[in-house]
Amino acid sequence: MTDTTPRELPLMDMDDLVGRITTFVKRSGPIQGNRLSEKFSDVAPIQLWRACYVSRQIRIRNCARYYLRYDVTRDNVLRLSPSILRDFLTFSLIYLPDQSVMAVEDGTIMANKFRNISLRKLSRARQALLALQPELRAEINAHCVVFLSGDIAYFLAHDTPRQHKTLDVPILGSDIDLVIVTNNEADPEIIAAAENELLKIKRQFLLSPSIREELDFIVKPVDRMIEQLAYGDIHEKIASKILYESYFLMGRVDVYESLMKNLEMRGTRALIEQDFEIALSERKNTIRKILSLSADESVKDPEVASLFFASQERLEFQ
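The rules we used
Within each chain, residues carry numbers counting from 1 in the order of the written sequence. Under the rules for a predicted model, residues below a pLDDT of 70 receive no local features and side-chain atom pairs below 80 are neither given nor counted, while totals for whole chains, interfaces and linings still include all residues. Neither water nor hydrogens contribute to the side-chain values; these are computed over all heavy atoms in the structure. DSSP bridges decide pairing: two strands pair if at least two such bridges lie between them. Only DSSP runs of H or I with at least four residues qualify as helices, and only runs of E with at least two residues qualify as strands; both kinds are numbered from the N terminus onward. Working rule for contacts: check all heavy atoms of both residues, and any pair within 4.5 Å makes them a contact. Structural elements are reduced to axes, namely lines fitted to C-alpha atoms, with helices fitted over the stretch in contact, and the angle between N-to-C directions of any two is expressed from 0 to 180 degrees. Definition used for salt bridges: Asp or Glu carboxyl oxygen within 4 Å of a side-chain nitrogen of Lys or Arg. Here's how the labels work: a residue is buried when its accessible area is under 20% of the maximum for its type, exposed when over 50%, partly exposed in between, all with a 1.4 Å probe on protein chains only. For this classification, under 35 degrees means roughly parallel, over 145 means roughly antiparallel, 65 to 115 means roughly perpendicular, and everything else is oblique. Under the scheme applied, nonpolar residues are Ala, Val, Leu, Ile, Met, Phe, Trp, Tyr, Cys and Pro; charged residues are Asp, Glu, Lys and Arg; polar residues are all the others, including Gly.

**Here we look at the sheet that holds strand β2 (residues 59-62)**
Move 1: Read across the open sheet, the three strands follow the order β1-β5-β2; overall the sheet is antiparallel. In this open sheet, the two strands that pair with only one neighbour each are β1 (31-32) and β2.
Move 2: Its contacts with the sheet place helix α5 (residues 100-130) against β1, β2 and β5 (92-95), and it is angled at close to 165° to β5.

**Section: the pattern of salt bridges**
Move 1: Counted under the stated rule, the structure contains 15 salt bridges.
Move 2: Arg252 is paired through a salt bridge with Asp254; the nearest N and O atoms lie 2.7 Å apart.
Move 3: Judged by its relative accessible area of 43%, Asp254 is partly exposed.
Move 4: Members of the salt-bridge network, linked through shared partners, are Arg120, Lys121, Asp159 and Glu213.

**Considering unusual backbone geometry**
Move 1: Omega for the peptide link from Ser81 to Pro82 comes to -5°, which places this bond in the cis form.
Move 2: Locating Pro82 in the fold gives a position in the loop between β4 (78-81) and α4 (84-91).
Move 3: Here Phe155, not a glycine, exhibits a phi torsion of approximately 55°, which is positive.
Move 4: Position of Phe155 among the secondary structure elements: in the loop between β6 (144-148) and β7 (161-163).
Move 5: When its relative accessible area of 23% is taken as the criterion, Phe155 is described as partly exposed.
Move 6: Even without being glycine, Asp168 reaches a positive phi, approximately 55°.
Move 7: In this structure, Asp168 sits in the loop between β7 and β8 (170-172).
Move 8: Residue class for Asp168 comes out exposed when judged on its relative accessible area of 55%.

**So, the packing of helix α3 (residues 45-54) against α4**
Move 1: Between α3 and α4, the shortest axis-to-axis distance is 11 Å and the interhelical angle comes to 70°. As judged from the angle between their axes, α3 and α4 are roughly perpendicular. For the pair α3 and α4, the contacting residues are Pro45, Leu48, Trp49, Cys52 and Tyr53 in the first and Ile84, Leu85 and Phe88 in the second.
Move 2: Residues belonging to the contact of α3 with α4 are distributed by class as follows: eight nonpolar, no polar and no charged.

**Examining the environment of Ala64**
Move 1: Of note, Ala64 is situated in the loop between β2 and β3 (67-70).
Move 2: For the pair formed by Ala64 and Asp87, sequence separation is 23 residues and the distance between their alpha carbons is 6.9 Å.
Move 3: The residues contacting Ala64, other than those within four sequence positions of it, are Pro82, Asp87, Phe91 and Leu156.

Next up, the structure:
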């Protein structure tokens, strides 16, 4: 899900904008942030967000969970996902005080929608694994563990269409990221064959009009996974966090439990959770800054832009 960059739109009088939003929501009922933004296409997203948050006449109901991400454009590489804007556009309902009952009902429906999308993508991940030849699946079950992570694991997956950069085909939102960790007894040739099969399935998923999903995967030995729990450079941080938030799919439960135990014993879990608290604090400070600055100053502030809009940088997991 890619956040829009700041729109070059004229800033509006805040009182007038709040009045326009209030009048519209009174007619429409509770409305998702992205639909409100579509209706107010002449308003910069940061100003629309600001108007909803500063007004005492407007309420916001949030349906998201937050999780840690790493962003190389930031000094400490820490941020939360979804970004402030994506949280507002995709996971929030805007409503008026007398629409509270409707907002609770609509919020539940919206949360269930993302859960169902996540379950569908989870099913696609299993479909990919079950499409492997029996001997390949047998090797994975005997000597590997497979897990996924990201917004699917948090039941926050979305299906907002976007174009695949290489194949130029539309794909449905969140990637399906799989990690396959092999133990020391795994047959390298059979594992390599499984990788080749998964590459074919990946292409099939992208090109099939009935699927259009991005399946990404990586295969690594268990010793490499344990080394990455040092949580040192950015790639180790990403690998550690993927394990931290992972959802078990297939293979050796004992290997998976051993990895999770190492995550705990090496102190990596505590470091991830500490970084989450730092990112959360920075997000709160950024929100306070947006609300304390003028609308024009907020748009120009680099720290605000860093956390309000999602970074376009994407590091591949290793």
